[in-house]
Structures are given as structure tokens and as C-alpha cells.
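Single-letter residue listing:
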Amino acid sequence: MTNEKIPETTWLEEEAKNLQTPQTPTGEILPSLKLESGKITKFKVDFSNKFNSWTSPDGVVKAIIPVEHKGEKKNLWLNKKNPLYSDIVKRGINGQTEFAVSTVGSQKDTKYTVVDEE
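All values reported here derive from a predicted model rather than from experimental measurement. (Residues numbered from 1 in each chain as written. Predicted model: local features only at pLDDT ≥ 70, side-chain atom pairs only at ≥ 80, totals over all residues. Heavy atoms only, no water.)

## Some thoughts on the nonpolar core
- Counting residues in hydrophobic clusters, the biggest one holds 16 residues, and the most contacted among them are F43, V45, I65, L76 and I88.
- Counting residues per element, the ones that place at least two in this core are β1 (40-45), β3 (61-69), β4 (72-79), α2 (83-93) and β5 (98-104).
- If we ignore the near neighbours within four places in the chain, the residues touching I88 are F43, V45, F47, L76, L78 and F99. (Core = buried A, V, L, I, M, F, W, Y, C linked by side-chain atoms within 4.5 Å. Buried < 20%, exposed > 50% of the residue type's maximum accessible area, 1.4 Å probe, protein only. Helix = DSSP H or I, 4+ residues; strand = E, 2+ residues; numbered from the N terminus. Contact = heavy atoms within 4.5 Å.)

Next comes the structure, spelled out in C-alpha cells:
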């Protein structure tokens with residue numbers, strides 16, 4: 001086995017740096033908002049700052065969304081590929097800050113729906 005340098009290894013050097021970097025979330029550490037199956041959860045989203053994000057060891061990027069739930073500040077962790085994330089972002093653009101979310105299923109089969117209250 002030889003120890004010759006592999007050409008174009010800049011991505012490997014970046015990866016090595018990332019191995020040294022702790023994968024801890026940034027922002028205020030708050031309790032997590034749990035969206036429970038079979039229930040409608042009401043919360044208010046704080047859109048005043050860009051959402052923090054965290055990448056799991058398996059590469060899943062989660063948004064850390066600051067919310068208020070039952071008078072308590074919490075974080076809602078959502079996979080950025082989850083349709084609920086894009087729904088919250090789009091509704092936030094239109095000025096909506098209060099949400100009611102219905103949850104059905106569990107784990108990979110979980111479906112979230114924003115309930116439009118009259």
C-alpha cells in the first residue's frame with residue numbers, strides 16, 4: 001500500500017474538518033414541541049428570525065422552529081423535506097403565525113395537516 005496523495009481531495013479535507021465539529025444545534029435550547037397522533041396541536045410560530053437548522057449524522061436536515069405552545073416557548077423540529085415545513089413557511093410569508101396541526105400515524109408514516117379554523 002502506498003501513501004501517495006489522492007488528487008482533488010478538498011472535499012475530504014472539508015469532511016475531516018466536519019468530523020471535528022460538534023453537531024450540536026445552534027440557538028436557544030428549549031423543550032421540544034411534540035405533535036401527537038390523533039390530536040390537534042395549536043401553536044404560534046416566531047418568524048422574526050431565520051430558523052436554525054441541524055443536520056443529523058445520517059444527513060437529514062431539520063429546521064428548529066421557535067414556537068409558543070400553551071404559553072411556553074418551545075422548539076418544533078421538522079425535517080425540511082416534510083410537507084408541513086413548506087406549508088408553515090408559505091403561510092408565514094402570507095402573515096399567518098398561529099397554526100393548528102392535526103397528526104395521524106407514527107414514525108415514517110406520520111402525516112401532518114394544517115387545520116384551517118373558521
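## Section: the pattern of salt bridges
- For the structure on display, the rule yields 3 salt bridges.
- The partner of E36 in a salt bridge is K39, with the nearest N and O atoms 3.3 Å apart.
- Exposure remark for E36: the relative accessible area of 42% places this residue in the partly exposed category.
- Its salt-bridge partner being D116, residue R91 comes within 2.7 Å of it at the nearest N-O pair. Of this pair, R91 sits in helix α2 while D116 sits in the segment after β6 (111-114), placing them 25 residues apart in sequence.
- Overlapping salt bridges, with partners in common, bring together D87, R91 and D116 in one network. (Salt bridge = Lys/Arg side-chain N within 4 Å of Asp/Glu carboxyl O.)

## Structural notes on the pairing of β5
- The buried fraction of β5 is high, at 5 of 7 residues.
- Of the pairings in the sheet, the one linking β1 to β5 comprises 5 bridges and is antiparallel in character. Bridge pairing in β5 places K44 opposite E98.
- Where β5 lies against β6, 4 bridges are found, and the strand directions are antiparallel. Paired with S102 across the bridge in β6 is T113. (Pairing = 2+ DSSP bridges.)

## Things to note about the layout of surface pockets
- Of the pockets and cavities examined, the largest pocket occupies roughly 700 Å³.
- Mapped by element, the contributors of at least two residues to the lining of the largest pocket are β4, α2 and β6.
- Broken down by element, the lining of the largest pocket gets its largest block of residues, 4 residues, from β4.
- Within the lining of the largest pocket, the residues separate by chemical class into 9 nonpolar, 6 polar and 5 charged. (1 Å grid on protein atoms, 1.4 Å probe; cavity = no way out; pocket = protein on both sides within 12 Å on 5 of 7 lines; lining within 4 Å. Points joined across faces, edges and corners; volume = space filled by probe spheres on them. Nonpolar A, V, L, I, M, F, W, Y, C, P; charged D, E, K, R; others polar.)

## A look at the confidence of the model for the protein
- On average, the protein scores 84 in pLDDT, and the residues at 70 or more come to 76%.
- No element of the protein has a lower mean pLDDT than helix α1 (residues 10-20), which averages 62, and none a higher one than β1, which averages 96. (pLDDT = per-residue confidence, 0-100.)

## A word on the packing of aromatic side chains
- As enumerated under the stated definition, the model contains 5 aromatic pairs in all.
- Here the aromatic residues F43, F47, F51, Y85 and F99 are joined through ring pairs into a cluster of three or more. (Phe/Tyr/Trp six-rings, centres within 6.5 Å; stacked < 30°, edge-to-face > 60°.)

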